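Below, each chain spelled out in residue letters.
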Amino acid sequence: MRFYAQTPARRNRQVLVDLIAVALIAVAVWAALAVRGTIMLLAEPGRKVESSGDSLARELGEAGDAASDVPFVGDVLEKPLRSAADASSGFADAGVSFQETVGQVADVVTVALIVLPVLFVLLLWLPPRLLWIRRSSTLRRLAEAPGGADLLALRALTGPPGALAGLPVPPGGWADAWRRGDPGAITDLSTVALEHVGLRP
């Protein structure tokens with residue numbers, strides 16, 4: 001199995017197309033990660049709310065512990081401080097929830113921005129490459145099989161007329177030379193058929 005053509009012009013085109021496809025995929029991934037980084041900046045307020053809520057809850061809890069030691073009114077003073085500490089914990093939880101939501105949105109957007117362009121590039125690039133690999137393998141097997149040169153010559157005769165324009169026409173024309181089994185004509189024609197897909201005899 002051959003992945004690239006043997007003729008320089010066809011091989012250079014294939015390599016160029018492959019490099020462009022890889023570059024487009026790399027740009028899509030880079031852009032998606034850049035967008036993710038930008039979206040994750042939106043989670044900063046959530047981090048600040050979480051930090052502030054945790055800090056306030058801790059300080060109010062400590063104040064409640066200190067208030068409980070006050071004789072006679074310690075229980076009365078402790079309850080509102082404990083309630084305020086619980087409310088502050090709720091703020092911290094809201095900050096965490098906000099960060100998780102932003103992270104989920106960032107994940108979905110990142111996956112979409114990677115998968116959609118990559119699929120688009122693959123749909124444009126992969127089928128022609130696989131088709132060429134299959135076609136070149138078939139023609140190579142045909143060229144090496146008994147009578148394969150005759151079939152390749154017939155393929156050149158029925159292919160684009162311009163492919164034969166640069167060759168000297170044998171007496172009676174290409175079709176007549178092929179029917180007569182002219183070895184030189186068959187060799188020339190089979191060579192044209194192989195070179196048309198980028199293979200050498």
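Above: the structure in question.
Rules behind the numbers
Residues numbered from 1 in each chain as written. Predicted model: local features only at pLDDT ≥ 70, side-chain atom pairs only at ≥ 80, totals over all residues. Heavy atoms only, no water. Helix = DSSP H or I, 4+ residues; strand = E, 2+ residues; numbered from the N terminus. Expected span 1.5 Å × (residues − 1). Buried < 20%, exposed > 50% of the residue type's maximum accessible area, 1.4 Å probe, protein only. 1 Å grid on protein atoms, 1.4 Å probe; cavity = no way out; pocket = protein on both sides within 12 Å on 5 of 7 lines; lining within 4 Å. Points joined across faces, edges and corners; volume = space filled by probe spheres on them. Nonpolar A, V, L, I, M, F, W, Y, C, P; charged D, E, K, R; others polar.

Along the chain, phenylalanine 120 falls in helix 3 (residues 74-144). Expressed as a C-alpha distance, the spacing of phenylalanine 120 and isoleucine 25, which sit 95 residues apart in the sequence, is 9.7 Å.

Glancing now at helix 1 (residues 8-40). Helix length check: helix 1 (33 residues) gives 48 Å between terminal C-alpha atoms against 48 Å at 1.5 Å per residue, within 8%. Listing the buried residues of helix 1 in full gives Gln14, Asp18, Ala21, Ala28, Ala32 and Ile39.

Once that is clear, we can look at the layout of surface pockets. Considered as a void within the structure, the largest pocket measures approximately 210 Å³ in volume. Looking at the largest pocket, the residues that line it are Arg10, Arg13, Gln14, Val17, Leu124, Trp125, Pro128, Arg129, Leu131, Trp132 and Arg135. Looking at which element gives the most residues to the lining of the largest pocket, the answer is helix 3, with seven residues. Among the residues forming the lining of the largest pocket, the class breakdown is six nonpolar, one polar and four charged.

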